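# Overview (structure and organization)
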Amino acid sequence: MGADQGVWHDRIGQWIDARVGRGPEAIARRLRTALDEGRLSIVEFDERLRRAYASTTFGELQSLVADLPEPVPAMPSPEVVKQERHKKKMVKEWRDWASVTFILVAIWAVTSVASDGPHFFWPMIPMDIWAAVNVASMISGGGDKDGGDKKDKKSHFGH
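Residues numbered from 1 in each chain as written. Predicted model: local features only at pLDDT ≥ 70, side-chain atom pairs only at ≥ 80, totals over all residues. Heavy atoms only, no water.

### What to know about the packing of helix α1 (residues 23-36) against helix α3 (residues 58-65)
The contact between α1 and α3 brings their axes to 10 Å, and the two run at 5°. With respect to their mutual orientation, α1 and α3 come out roughly parallel. Residues G23, P24, I27, R30 and L31 of α1 pack against L61, Q62, L64 and V65 of α3. Among the residues forming the contact of α1 with α3, the class breakdown is six nonpolar, two polar and one charged. (Axes fitted to C-alpha atoms, helices over the stretch in contact; angles between N-to-C directions. Helix = DSSP H or I, 4+ residues; strand = E, 2+ residues; numbered from the N terminus. Parallel < 35°, antiparallel > 145°, perpendicular 65-115°, else oblique. Contact = heavy atoms within 4.5 Å. Nonpolar A, V, L, I, M, F, W, Y, C, P; charged D, E, K, R; others polar.)

### Some words on the pattern of salt bridges
Within the structure shown, the criterion is met by eight salt bridges. The partner of R48 in a salt bridge is D67, and the shortest N-O contact between them spans 2.8 Å. Remark: D67 occurs in the loop between α3 and α4 (78-114) and R48 occurs in helix α2 (residues 42-54); sequence separation between them is 19 residues. With a shortest N-O distance of 2.7 Å, D96 and K92 are connected by a salt bridge. Taken as a pair, D96 and K92 lie in helix α4 at a separation of four residues, close to a single helical turn. Residue classification places D96 among the partly exposed residues on the basis of a relative accessible area of 26%. (Salt bridge = Lys/Arg side-chain N within 4 Å of Asp/Glu carboxyl O. Buried < 20%, exposed > 50% of the residue type's maximum accessible area, 1.4 Å probe, protein only.)

### Description of the packing of aromatic side chains
Each aromatic ring pair is described using two quantities: the centre-to-centre distance and the angle formed by the ring planes. If you walk through the whole model with that rule in mind, you get two aromatic pairs. When the centroid spacing of 4.9 Å and the interplanar angle of 85° are considered together, the rings of W108 and F121 count as edge-to-face. Taken together, the positions of W108 in helix α4 and F121 in the loop between α4 and α5 (124-140) put the pair 13 residues apart, joining distant regions of the chain. On the basis of relative accessibility, which here comes to 19%, the residue W108 falls in the buried class. When its relative accessible area of 28% is taken as the criterion, F121 is described as partly exposed. (Phe/Tyr/Trp six-rings, centres within 6.5 Å; stacked < 30°, edge-to-face > 60°.)

### Notes on the confidence of the model for the chain
Mean pLDDT over the chain stands at 79; residues scoring 70 or higher make up 75%. When the criterion is pLDDT under 50, residues 146-153 qualifies, and its contacts beyond four places in sequence or with other chains add up to five contacts. (pLDDT = per-residue confidence, 0-100.)

### Focus on unusual backbone geometry
Unlike most non-glycine residues, D116 shows phi in positive territory, near 60°. Mapped onto the fold, D116 is located in the loop between α4 and α5.

### Structural notes on the packing of α1 against α2
Contact geometry for α1 and α2: axes closest at 9 Å, N-to-C directions at 175°. Comparing the axis directions of α1 and α2 gives the class roughly antiparallel. Between α1 and α2, the residues in contact are P24, E25, I27, A28, L31, R32 and L35 and I42, F45, R48, L49, A52 and Y53, respectively. Its residues placed into classes, the contact of α1 with α2 shows ten nonpolar, no polar and three charged.

### Overview of a nonpolar patch on the surface
Residues F102, I103, I107, F120, W122, M124, I125, I129 and V133 make up a contiguous nonpolar surface patch of roughly 900 Å² in combined accessible area. Of all elements in the fold, only α4 and α5 reach the threshold of two or more residues within the nonpolar patch. The dominant element in the nonpolar patch, judged by the number of residues it contributes, is α5, at four residues. Looking at where I125 falls in the secondary structure, it is placed in helix α5. (Patch = residues over 30% accessible without salt bridge, like charges linked within 9 Å, V, L, I, M, F, W, Y side chains within 5 Å. Areas by Shrake-Rupley, 256 points an atom, 1.4 Å probe, with all protein chains shown as cover.)

See below:
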């Protein structure tokens, strides 16, 4: 890209076209948010929006929003947070189950080889019980009724 088609961007050290990507669209969204929040009048919004789409450099785009606060990322809803927490908990539970299963099967295999014959496959008892608990927890949603993190709750003794 030549100098007549773009702008030299010092941060990334290459020629880029200010209109490539979502530069003006991102600025337009920030301006719309500022209008919705009452930070800009409709006249000022319209003027800045026209200048955003007419701009040719990132500097021109940034000057249009320099006096506006940075956008705050939206917080996920409590339901989404609860679902993500449950998902992470279940992944950890199944990972722990797989690790312990591996250890139990290894112990069974070593003792079977050492005694010159296979023993009763006793690891299936704790494996099956733990797997059933994990499946029940997945189906029921984990039993965390209030959505709070149990680590944050104080015990009955005030500790």
